[in-house]
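Below are the chains, spelled out letter by letter.
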Amino acid sequence: MPELPEVETVARGLAAVWEGRSLVRVECRRPDLRKPLPPDFAPRLTGRRIDRVGRRAKYLQVFLDDGLVMLGHLGMSGRMVISQGRNEPPGKHDHVLFVTDQGVTVTFCDPRRFGLLDLCTIDQLAAHPLMAALGPEPLDQDFTPAVLGAALNSKATPIKVALLDQSVVAGLGNIYVSESCFRAGILPTRAAGSLKKAEIARLVPAIKAVLTEAIAAGGSSLKDHVRPDGELGYFQHSFAVYDRAGEACPGCTCDVGRTGGITRIVQAGRSTFFCANKQS
């Protein structure tokens, strides 16, 4: 599932063709995705100017000139695909089409239909069920070791699982938590409440650095993520531990024959990768 860097990459791609443009046509080719589309979805968007495209956690936020906000989640296989002067008919999985006054078409394609699109007003945004319980944004200045430490205090859950909790920190997922724990030298199996101040002080900048580098690389393309311009992300080529079970650790000189190299375990139903020699 796309994590913060992938969604940020999509938001930036959409901003380049949407901001300041009006939607002259919105076509819903089915009534639902993961949940039903609002019944007046297309009429409420048609004719509106898009003022800003942003991201909150793993959600797209599209702000319109009348105070309406479109929320989007890509789910497992959702893509926003940009095309200029599109003439070919929509494909089987092209569920929603947005056409701007410049003739640019953005197509929401989602073969598995785990994504969603919803509408609310800007006044309703903070209380929207998708937004209300989200924790701080990890790339914001106010996401500090003190803030994370307070959220982790007394938590008995493993730090990997705690960081996947969107109420603790918004937008982190399986890949980037594994990579962040590796950079900070922290075992993902450690109880979250057991981390010392010095360890949390390493973890926060590690999270910020991993996310920043991943965004610069266009995210990670493993199965479904494609940037809106059709290009793949390439941060997967920079993974230190994720999906590298049995390989030598790039951060230490552990003997693969003796230690088995990078280890894979399952936590909360998700794969976790780490080096037991470098992380403690």
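This text follows the structure it describes.
In this text the structure is predicted, and so the values were computed from the model without any measurement. (Residues numbered from 1 in each chain as written. Predicted model: local features only at pLDDT ≥ 70, side-chain atom pairs only at ≥ 80, totals over all residues. Heavy atoms only, no water.)

So, on to the pairing of strand β7 (residues 104–109). A large share of β7 lies buried, amounting to six of its six residues. Across the two faces of β7 the burial is the same, with V104, V106 and F108 and T105, T107 and C109 all buried. Pairing of strand β5 (residues 79–84) with β7 involves six bridges; the strand directions are antiparallel. Pairing of Q84 across the sheet is with V104, part of β7. Examined bridge by bridge, strand β6 (residues 94–100) and β7 share five bridges and lie antiparallel to one another. (Buried < 20%, exposed > 50% of the residue type's maximum accessible area, 1.4 Å probe, protein only. Helix = DSSP H or I, 4+ residues; strand = E, 2+ residues; numbered from the N terminus. Pairing = 2+ DSSP bridges.)

With that settled, the discussion passes to the pattern of salt bridges. Per the stated rule, a full pass over the model turns up 17 salt bridges. For R30, the salt bridge identified is with D32, shortest N-O distance 2.9 Å. With a relative accessible area of 24%, D32 lands in the partly exposed category. A salt bridge links R55 to E137; the shortest N-O distance between them is 2.8 Å. Taken together, the residues R55 in strand β2 (residues 50–56) and E137 in the loop between β8 (116–121) and α3 (145–152) connect sequence positions 82 residues apart. (Salt bridge = Lys/Arg side-chain N within 4 Å of Asp/Glu carboxyl O.)

Along an α-helix, residues three or four positions apart point the same way, because every turn accommodates 3.6 residues. Between its terminal C-alpha atoms helix α6 (residues 197–216) stretches 29 Å, which fits the 28 Å expected from 20 residues at 1.5 Å a residue. Along α6, the residues classified as buried are E199, I200, L203, V204, A206, I207, V210, L211, A214 and I215. Buried residues belonging to α6 abut α1 (4–18), α3, α4 (159–164) and α5 (174–184). The positive-phi residue at the C-terminal boundary of α6 is G218, with phi of around 80°. (Expected span 1.5 Å × (residues − 1). Contact = heavy atoms within 4.5 Å.)

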